[in-house]
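# Inside the fold
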2 protein chains.
Amino acid sequence: MTRSLGGLLFRGVHSLTSLPARSTQLGHLSACSAVKTMVTLPSFLSSKPRDFSLPNPSWGSEMLRLYEHYSSQCEVETEGGEKDRGLWTRLPSYNRSLKYVTGGFYLSKIIQAKARLFTRNIREEGAGFEYVVFVNKKEKRVVCIFQAGHLLEGPPGCVHGGAIATMIDTVTGTHASVVSGPVMTANLNMNYRSPIPLGNTVLIESSVDSREGRKMFISCKVTSSDGSKLHTDATALFLSVNFSHLVKGG
Amino acid sequence: MTRSLGGLLFRGVHSLTSLPARSTQLGHLSACSAVKTMVTLPSFLSSKPRDFSLPNPSWGSEMLRLYEHYSSQCEVETEGGEKDRGLWTRLPSYNRSLKYVTGGFYLSKIIQAKARLFTRNIREEGAGFEYVVFVNKKEKRVVCIFQAGHLLEGPPGCVHGGAIATMIDTVTGTHASVVSGPVMTANLNMNYRSPIPLGNTVLIESSVDSREGRKMFISCKVTSSDGSKLHTDATALFLSVNFSHLVKGG
């Protein structure tokens, strides 16, 4: 168990089996407050978790327009309770990857309790990463609509290269996990072509290039929302992993 | 001016000419509050800015030990006011890259006022990126001590690949700008070898591989604090840029 944590398994695991935490608030409390809150709560799952991929008041017109565009082509439930299959599926997004990591004994309980997904760690709506991922299984496409907040600055007035890398890792990792279950990032190779001004909404699209055993090669492009301007292109390599034993009781 | 913003110039500018903002607090106020505060303040530079590269109570023993190790070899001012040159220089770190971007007219004034450097956007000490960069000009080495906070989670209990990419971009970009002035990131290529548990302190070291005209090729390694374990290795390509005209009055 110890060795698996120090080895391959944790390199950059992406999975769709994410468990939601109760709220983002614990991440900003002091260590003592967090512990106290944990004691009084029977479970982090006791109330409905927030799905960060749904619209909020910070979303601009372009973000909303694209959201509506893909949402209108999503699976819907008919009056009879049957599902009318659409081309696309919206993926929900929570602020924690897993609640329990039984192998993670080297992490303090406080860190485990306060840990939050990097892309969902800012409470102020619109300040950080606003994004929603849609999957098209039939056409093997994944698209992400991303509105970059003012706390993501790198070059003056523009999005940090690391924030762009973060979204590319997120989208390609999600794509790989949709195709073959849990994966970890082994390589990311990115060409920065033109900057993304803060506040802009961009499209991030990924496609699977090839698969060789446990390896999956994925390509990705970040473009302006109308697709006319290329901001960044990238390739990513993921390795399939099995981390079911890391979930409590697994 | 307009074209320069849409073109090469802003791809990923790194510069050591950063100007500090007054505080991180505006980034968390509402848009209206931010505007009001701007009117009542004569200047963002009216009070002493915070240098985020100095120790704070969240720093663990390993972070502090390494900080002291490099600090003890830094330039110091002698009693006579002369400087005793050390091997290393600590770089200060603020939460904004530039206060004024005259070409940035497409950004709303609100976004400009609230923008904060991605790596310094979290107010809670120890929750995000805690890091300090030291430069050794004689030996052409740059080293960064990085303590990863609990809000940087990717894989369960470990640092997000995008957060690692962010630090690699920061360190290699700083190195390139130390050598040749303002640069922008053109390529980042990273191999994720083993995960970094949340809360751990790691070393990020970079070295210049070669220079060809405006291009600079840099290598980078992220290792455990004792250097024994390789977490990530990377190469980066930077292009020299001139963005003095973007500074107000420039």
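Residues numbered from 1 in each chain as written. Chains lettered and ligands numbered in written order. Predicted model: local features only at pLDDT ≥ 70, side-chain atom pairs only at ≥ 80, totals over all residues. Heavy atoms only, no water.

## With respect to the overall build of chain A
- Summing up its helical and strand segments, chain A has 5 helices and 10 strands in all.
- Sorting the 250 residues of chain A into buried and exposed places 54% on the buried side.
- In chain A, 67% of the contacts between residues at least 6 apart in sequence involve partners at least 24 apart.
- Only carbon and sulfur atoms are counted for the fraction: they give 53% of the accessible area of chain A, which is about 10800 Å². (Helix = DSSP H or I, 4+ residues; strand = E, 2+ residues; numbered from the N terminus. Buried < 20%, exposed > 50% of the residue type's maximum accessible area, 1.4 Å probe, protein only. Contact = heavy atoms within 4.5 Å. Areas by Shrake-Rupley, 256 points an atom, 1.4 Å probe, with all protein chains shown as cover.)

## Here's the deal with the pattern of salt bridges
All names here are of chain A.
- What the rule picks out here adds up to 14 salt bridges over all chains.
- For Arg50, the salt bridge is made with Glu125, and the minimal N-O distance between the two is 3.5 Å. Here Arg50, found in the loop between α2 (31–40) and α3 (61–71), pairs with Glu125, found in the loop between α4 (109–114) and β5 (129–136); they are 75 residues apart in sequence, far enough to count as distant.
- The partly exposed category is assigned to Arg50, whose relative accessible area is 35%. (Salt bridge = Lys/Arg side-chain N within 4 Å of Asp/Glu carboxyl O.)

## Details of unusual backbone geometry
- Positive phi is not limited to glycine here, since Lys140 of chain A has a value of about 55°.
- In this fold, Lys140 of chain A is placed in the loop between β5 and β6 (141–148).

## Quick look at the packing of aromatic side chains
- Within this structure, the stated rule accounts for 15 aromatic pairs over all chains.
- Each ring, one from Phe129 of chain A and one from Phe118 of chain B, has its centre 5.7 Å from the other, and the planes form 80°; the classification is edge-to-face. Here the residue Phe129 of chain A occupies a position in strand β5, and Phe118 of chain B occupies one in the loop between α4 (109–114) and β5 (129–136), the pair thus bridging two chains. Across the pair, Phe118 of chain B and Phe129 of chain A agree in class, each one buried.
- Plain terms: the ring middles of Trp59 of chain B and Tyr67 of chain B are 5.4 Å apart, the flat faces sit at 75° to each other, and that makes the pair edge-to-face. (Phe/Tyr/Trp six-rings, centres within 6.5 Å; stacked < 30°, edge-to-face > 60°.)

## Points about the environment of Val171 of chain A
Residues and elements named next belong to chain A.
- Relative to the helices and strands, Val171 resides in helix α5 (residues 161–180).
- The exposure class assigned to Val171 is buried, which follows from its relative accessible area of 0%.
- Separated by 157 residues in the primary sequence, Val171 and His14 have C-alpha atoms spaced 9.8 Å apart.
- In this structure, Val171 is in contact with Val142, Cys144, Ile204 and Ser206, ignoring residues within four places of it in sequence.

## Here we look at the state of the cysteines
All names here are of chain A.
- According to the stated counting rule, one finds 0 disulfides over all chains in the structure shown.
- Cysteine Cys74 remains unbridged, with the sulfur of Cys144 as its closest cysteine sulfur at 14 Å.
- Summary of cysteine pairing: Cys158 is not part of a disulfide, and the nearest cysteine sulfur, belonging to Cys144, is at 19 Å.
- Taking the relative accessible area as the measure of exposure, Cys158 reaches 0% and is therefore buried. (Disulfide = S-S within 2.5 Å.)

## Section: α3 of chain A
Residues and elements named next belong to chain A.
- For α3, the complete set of buried residues consists of Met63, Leu66, Tyr67 and Tyr70. Take α3 and look down its axis: the buried residues cluster within an arc of 105°, on one side only.
- Where α3 is buried, its residues meet β4 (89–91), β5, β6 and β8 (201–212). (Arc of directions from axis to C-beta.)

## A few points about α5 of chain A
Residue and element names in this part refer to chain A.
- Between its first and last C-alpha, α5 extends 28 Å over 20 residues, near the 28 Å set by a 1.5 Å rise per residue.
- The buried count for α5 comes to 18 of 20 residues, which makes it a mostly enclosed element.
- Positive phi shows up at Gly181, right after α5, with a value of about 80°. (Expected span 1.5 Å × (residues − 1).)

## Examining the environment of Phe134 of chain A
Residues and elements named next belong to chain A.
- Position of Phe134 relative to the elements: it lies in strand β5.
- We classify Phe134 as buried; its relative accessible area is 0%.
- Sequence separation of Phe134 and Cys144 is 10 residues, and the distance between their C-alpha atoms is 6.2 Å.
- Other than its neighbours up to four places away in sequence, Phe134 contacts Tyr67, Tyr70, Ser71, Cys74, Trp88, Thr89, Arg90, Arg141, Val142, Val143 and Ile145.

## Quick look at the packing of α5 of chain A against helix α5 (residues 161–180) of chain B
- Remark: α5 of chain A packs on α5 of chain B, axes separated minimally by 8 Å, with the N-to-C direction vectors making an angle of 155°. On the basis of the axis angle, α5 of chain A is roughly antiparallel to α5 of chain B. The two elements α5 of chain A and α5 of chain B meet at a crossing, and its hand is right-handed. Every residue of α5 of chain B that contacts α5 of chain A at Gly161, Gly162, Ala163, Ala165, Thr166 and Asp169 of chain A is listed here: Gly161, Gly162, Ala163, Ala165, Thr166 and Asp169 of chain B. (Axes fitted to C-alpha atoms, helices over the stretch in contact; angles between N-to-C directions. Parallel < 35°, antiparallel > 145°, perpendicular 65-115°, else oblique. Left-handed = near helix turned anticlockwise from the far one by under 90°.)

## Focus: the confidence of the model for chain A
Residue and element names in this part refer to chain A.
- Summing up the model confidence of chain A, the mean pLDDT is 80 and the portion of residues at 70 or higher is 73%.
- Here α2 is the element of chain A with the lowest mean pLDDT, 32, and strand β9 (residues 215–224) is the one with the highest, 98.
- Segment residues 1–12 is flagged for pLDDT under 50; beyond a separation of four residues in sequence, or across chains, it makes 42 contacts in the model.
- Low confidence marks residues 17–43, where pLDDT is under 50. Its contacts with residues over four positions away, or in another chain, come to 57 contacts. (pLDDT = per-residue confidence, 0-100.)

## Description of the side chain of Thr119 of chain A
- Relative to the helices and strands, Thr119 of chain A is located in the loop between α4 and β5.
- Here Tyr131 of chain A takes part through its side chain, which lies 2.7 Å from a polar atom of the side chain of Thr119 of chain A.
- Those residues in contact with Thr119 of chain A, other than ones at most four positions away along the chain, are Phe129, Tyr131, Thr166 and Thr170 of chain A together with His160 of chain B. (Polar contact = N/O pair within 3.5 Å; in protein donor to acceptor, adjacent residues only side chain to side chain.)

## Things to note about the nonpolar core
- Of all hydrophobic cores here, the largest spans 74 residues; its most connected members are Phe146, Met190 and Ile204 of chain A together with Phe146, Met190 and Ile204 of chain B.
- Those residues in contact with Phe146 of chain A, other than ones at most four positions away along the chain, are Met63, Phe129, Glu130, Tyr131, Leu152, Met167, Asn200, Thr201, Val202 and Ile204 of chain A. (Core = buried A, V, L, I, M, F, W, Y, C linked by side-chain atoms within 4.5 Å.)

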